[in-house]
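As a plain string of letters, each chain reads:
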Amino acid sequence: MSERITWTMHHFSQANPEGPGQADVPALLRRVADSIEDLGNVEVHDMIMHNEITEDGDWPSLTVYFDYVTDHT
């Protein structure tokens, strides 16, 4: 019988506040970078950008997939 492997991936999604400036991608990237730093010692595995169209125009968001780094020594 094969061994069952389980693995949990942590993630969060983030967007700029709705309204003026919601489509500002450089601001979104800065916000996400700050959030990643606030998590502490993590390894980012993937980031996926999404875009929603609202009455105010484009509203991009980023989903970040990460895992906490642990010291195995």
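Placed above this text is the structure.
All values derive from a computational prediction rather than experimental measurement. (Residues numbered from 1 in each chain as written. Predicted model: local features only at pLDDT ≥ 70, side-chain atom pairs only at ≥ 80, totals over all residues. Heavy atoms only, no water.)

S.K.: What's the story with the overall build of the protein chain in this structure? I'm lost.
M.R.: Along the backbone of the protein chain there are one helix and three strands. Shown N-terminal to C-terminal, the secondary structure of the protein chain runs as helices and strands in the order β-α-β-β. In terms of overall dimensions, the protein chain is more spread out than a globule: its C-alpha atoms have a radius of gyration of 16 Å, far above the 11 Å expected for 73 residues. Counting only C-alpha atoms, the protein chain reaches 55 × 30 × 15 Å along its principal axes. (Helix = DSSP H or I, 4+ residues; strand = E, 2+ residues; numbered from the N terminus. Rg over C-alpha atoms; globule rule 2.2 N^0.38 Å.)

S.K.: What am I meant to see in the packing of aromatic side chains here?
M.R.: The description of an aromatic ring pair uses the distance of the two centres, along with the angle that the planes make with each other. Following the criterion strictly, the structure yields two aromatic pairs and no others. Consider the rings of F66 and Y68, whose centres lie 5.4 Å apart with planes at 80°: the pair is edge-to-face. Feature note: the residues F12, F66 and Y68 constitute an aromatic cluster, connected by ring pairs. (Phe/Tyr/Trp six-rings, centres within 6.5 Å; stacked < 30°, edge-to-face > 60°.)

S.K.: Would you explain the side chain of T54 in this entry?
M.R.: Looking at the element boundaries, T54 is found in strand β2 (residues 42-54). A distance of 2.8 Å separates the side chain of T54 from the side chain of Q22, its partner in a polar contact. Sequence-distant contacts of T54, that is, excluding residues within four places in its chain, are made with Q22 and W59. (Polar contact = N/O pair within 3.5 Å; in protein donor to acceptor, adjacent residues only side chain to side chain. Contact = heavy atoms within 4.5 Å.)

Bear in mind that shape data such as this cannot, by itself, settle questions of function.
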